[in-house]
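Chains, contacts and geometry: an overview
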Amino acid sequence: MTFQKNKLFADAIVCLVLTVMFAALIFPVLNTPFSVGDDHRIIAMNAPEKMEAAYKKSLFDQTPNLAGSVLIDAQIGRFRPMGWLITKTQCVLFGDNYFSWRVWNLFILFFSVLFLSLIIGKLGGKGLGKLAILAVYVFGRNNETWWTLIPPAQNIGELFLLAGFYHWLRYRENNTAKEKYFALVLFLFSALVKESFIFCLPFVGLMDFLFINPQKKLFTREYKQGFIVFIIPFAILLSIILFSKKIYGYPYEQGIFSILGYNAWQFFFSSVFLLAPVTMFFYRNHVITRRSLVKIFILTLSWFLVQLILLKSIRMDDQHHYLVPGLLLVLVLSALSIQNIKQRSTIVSNVLVLLYFSFAIWQAKNTFVNSGYYSAQVKSFYKMTAEIKKTSPGIIVYMSHSPFAGDWLMGTSAILRNSGINSPICFSSLADSIPKWQKEFLKSRPQMKFQQLHPLELGFRSSDMEQILQKGDWIVFPDFLSKNEENPPQVGVEKYEGSNNYDYLRTKPKHFSTSYYDFSISKILKGNFSRSSVGYCAIQIE
């Protein structure tokens, strides 16, 4: 294989421009505090001494420091030791300065897109086709971990994998041991940062064997060394799964096959239906044989299948970052396909470039809206907690139609304790039933007073509230995120009126909202650029 020479400075400038454009899209997020999502693990690692006993109880009685975080992972079938080491390093460097955390994510984005650009260039991709694919990568559906916080295992593992693959290409080009060992170390780091990257390594080796390695020998020294890099973290992960008898995933009502079908659609949709690679079947040049194309598609479909199996209980409707690493191979393949097609038909190549750019622009619009919504939601939460803090409440009640309270309870607990609010946080669900795993979680929280009065399935009754809630206590509705700032209390009353708590809801709810731009395609076509708002409803007992 003939490798192309990269123009490092030009690549760096292009990737810097893309990163700056991305930063401009998500600008409101840069000054947004920690959220109640996974960010609570950052807060807890920064100040474990402030976390309540129930918080630690929910984490298998482990203190959420570096060692405790690794042990917590072992209880749920996960293996991310280097991911937590990097998070701890960031805690030391940044503390609670959330602006620094978010700029760090942009720093990781820049180097990730740079290494992807270098890989594509090294393999022969260039021009607008390459730029279009980089734009899809930056602005696509997989980018929320670059504008949310979250302990950044996904981002760092992605960067290590891309950097490792690039240096492996340099090893093949120059046959230098230094490049080989550097690549292997980076591959090992990616596997230790997050367990999902362990399963990428065999496919990187298979791709090298099929298309890059000039010797076409399987039992060579570098493959044996690569196997060691793969088998060590895999064996540790397998041991953890066998010990804990758990494989990490999210709870959903849908069956596994329904989730697999949905996620398969997300993969194909987010790679723009593999338009360029499929088109290359009809516009290939003399260098690309039909046999090699068949091997490419077998490799790609196998890569997809493994990713789908790993996502067996994770729906990507709001977890699009799990599309990576499954999309990385497709993105590289798409860029190379566009370049190959250009040698046969400039018109077809230009149409493909236009389609990919159109997809990237559309997703950039969605990134702008989604990140704005996220920022407004988090800032509204902090407005609400600031008001609650002024009143020194005895109890804070979370009342929701959802049966899942884990992230909200743990995240809210961490944020409130870190800000000096020590009120017990109680949960009551109005759902018809609550899953067994959620009941087990709630049992670990001794202040769940409402659950001690009656079965979880029943929600809570006004009589129960009268026995417990005192003047000054708060009821919060975290699942009521109103976009109607004009008259939110009536909406809230209608939503909860059937729960036999109308007496309390007659107290006018307080609404804490923040505005953001909510652009849909229909609004843009109508020239409607007005702002929407999102906020929380809460009631203070009088």
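Residues numbered from 1 in each chain as written. Predicted model: local features only at pLDDT ≥ 70, side-chain atom pairs only at ≥ 80, totals over all residues. Heavy atoms only, no water.

With that out of the way, let us pick up the overall build of the protein chain. A count of helices and strands for the protein chain gives 22 helices and 5 strands. Relative to its 542 residues, the protein chain shows a buried fraction of 57%. Of the contacts formed within the protein chain by residues at least 6 apart in sequence, a portion of 77% connects residues at least 24 apart. As displayed, the protein chain offers around 23,900 Å² of accessible surface, 63% of which is attributable to carbon and sulfur atoms. (Helix = DSSP H or I, 4+ residues; strand = E, 2+ residues; numbered from the N terminus. Buried < 20%, exposed > 50% of the residue type's maximum accessible area, 1.4 Å probe, protein only. Contact = heavy atoms within 4.5 Å. Areas by Shrake-Rupley, 256 points an atom, 1.4 Å probe, with all protein chains shown as cover.)

Applying the stated rule across the entire model yields 30 aromatic pairs. Here Phe-34 and Tyr-98 contribute two aromatic rings whose centre-to-centre distance is 6.2 Å and whose plane-to-plane angle is 80 degrees, an arrangement assigned as edge-to-face. In this pair, Phe-34 sits in the loop between α1 (8–25) and α2 (40–46) while Tyr-98 sits in helix α6 (residues 98–123), placing the two residues 64 residues apart along the sequence. Among the residues examined, Tyr-98 registers a relative accessible area of 25% and is labelled partly exposed. (Phe/Tyr/Trp six-rings, centres within 6.5 Å; stacked < 30°, edge-to-face > 60°.)

This next bit is on the packing of helix α10 (residues 201–212) against helix α11 (residues 221–244). In contact at an axis separation of 10 Å, α10 and α11 are set at 165 degrees when each is read in the N-to-C sense. In terms of axis orientation, α10 runs roughly antiparallel to α11. For α10 against α11, the interelement crossing comes out right-handed. Residue-level contacts link Leu-201, Pro-202, Gly-205, Asp-208 and Phe-209 of α10 to Tyr-223, Val-229 and Phe-230 of α11. Looking at the contact of α10 with α11, its residues break down into 6 nonpolar, 1 polar and 1 charged. (Axes fitted to C-alpha atoms, helices over the stretch in contact; angles between N-to-C directions. Parallel < 35°, antiparallel > 145°, perpendicular 65-115°, else oblique. Left-handed = near helix turned anticlockwise from the far one by under 90°. Nonpolar A, V, L, I, M, F, W, Y, C, P; charged D, E, K, R; others polar.)

Each α-helix turn comprises 3.6 residues. Residues three or four places apart therefore point the same way. Along its 17 residues, helix α9 (residues 177–193) runs 24 Å from first to last C-alpha, staying within 8% of the 24 Å computed at 1.5 Å per residue. Along α9, the residues that are buried comprise Glu-179, Lys-180, Ala-183, Leu-184, Leu-186, Phe-187, Ser-190, Ala-191, Leu-192 and Val-193. As for α9, its buried residues are in contact with α5 (81–94), α8 (153–174), α10 and α11. (Expected span 1.5 Å × (residues − 1).)

Together, Trp-362, Ile-521, Ile-524, Leu-525 and Phe-529 line one region of the surface with nonpolar side chains, adding up to about 500 Å² of accessible area. Mapping Trp-362 onto the fold places it in helix α16 (residues 346–391). (Patch = residues over 30% accessible without salt bridge, like charges linked within 9 Å, V, L, I, M, F, W, Y side chains within 5 Å. Salt bridge = Lys/Arg side-chain N within 4 Å of Asp/Glu carboxyl O.)

What follows covers the nonpolar core. Among soluble globular proteins, nonpolar side chains are generally buried collectively. Within the largest apolar cluster, 105 residues are counted, with the highest numbers of intra-cluster contacts made by Phe-22, Tyr-137 and Phe-187. Among residues more than four places away in sequence, those in contact with Phe-22 are Leu-106, Leu-109, Val-138, Phe-139, Asn-143, Trp-146, Trp-147 and Thr-367. With 35 residues, the next largest nonpolar core counts Phe-34, Val-36, Met-51 and Leu-149 among its residues. (Core = buried A, V, L, I, M, F, W, Y, C linked by side-chain atoms within 4.5 Å.)

All right, on to the pattern of salt bridges then. Side-chain pairs of opposite charge can arise where the charged atoms are in close proximity. Tallying each qualifying case throughout the model produces 11 salt bridges. Three or more residues are tied together by salt bridges with common partners; here these are Arg-172, Asp-208 and Glu-222.

Below, the discussion takes up the side chain of Ser-69. Considering the arrangement of structural elements, one finds Ser-69 in helix α4 (residues 66–75). You can call Ser-69 buried: its relative accessible area is 1%. Excluding anything up to four places from it in sequence, Ser-69 contacts Arg-41, Met-45, Thr-63, Pro-64 and Trp-84.

Note on strand geometry: in a regular strand, side chains alternate between the two faces of the sheet. Across the 5 residues that make up strand β1 (residues 396–400), a large majority, 5, are buried. Here β1 shows no split at all, with Ile-396, Tyr-398 and Ser-400 on one side and Val-397 and Met-399 on the other all buried. One ladder, built from 5 bridges, connects β1 with strand β2 (residues 425–429); its direction is parallel. Bridge assignment links Val-397 to a residue of β2, and that residue is Cys-426. (Pairing = 2+ DSSP bridges.)

Here we come to the environment of Leu-16. Within the fold, Leu-16 resides in helix α1. It is 9.0 Å that separates the C-alpha atoms of Leu-16 and Val-113, two residues lying 97 residues apart in sequence.

Structurally, Phe-268 is set in helix α12 (residues 256–270). Phe-268 sits 62 residues away from Val-330 along the chain, and the two C-alpha atoms are 9.5 Å apart.

Let's shift gears to unusual backbone geometry. Put simply, Val-324 and Pro-325 share a cis peptide bond, and its omega is 15 degrees. Looking at where Pro-325 falls in the secondary structure, it is placed in the loop between α14 (290–310) and α15 (326–342). Here Asp-61, not a glycine, exhibits a phi torsion of approximately 60 degrees, which is positive. Along the chain, Asp-61 falls in the loop between α3 (53–58) and α4. Here Val-272, not a glycine, exhibits a phi torsion of approximately 55 degrees, which is positive. Within the element layout of this structure, Val-272 appears in the loop between α12 and α13 (275–280). Residue class for Val-272 comes out buried when judged on its relative accessible area of 7%.

Turning next to the confidence of the model for the protein chain. Confidence in the prediction of the protein chain, expressed as mean pLDDT, is 84, and 85% of residues score 70 or more. Between the elements of the protein chain, mean pLDDT differs from a low of 39, seen in helix α20 (residues 488–496), to a high of 97, seen in α9. Across residues 448–463, where pLDDT falls below 50, the model places 47 contacts with residues more than four positions away in sequence or in other chains. Low pLDDT, under 50, characterises residues 482–503; the predicted model gives this stretch 40 contacts beyond four residues in sequence or across chains. (pLDDT = per-residue confidence, 0-100.)

It is worth spelling out α1 at this point. For α1, which comprises 18 residues, the first-to-last C-alpha distance of 26 Å matches the rise-based estimate of 26 Å (1.5 Å per residue) to within 8%. Those residues of α1 hidden inside the fold are in contact with α6, α7 (127–139) and α16.

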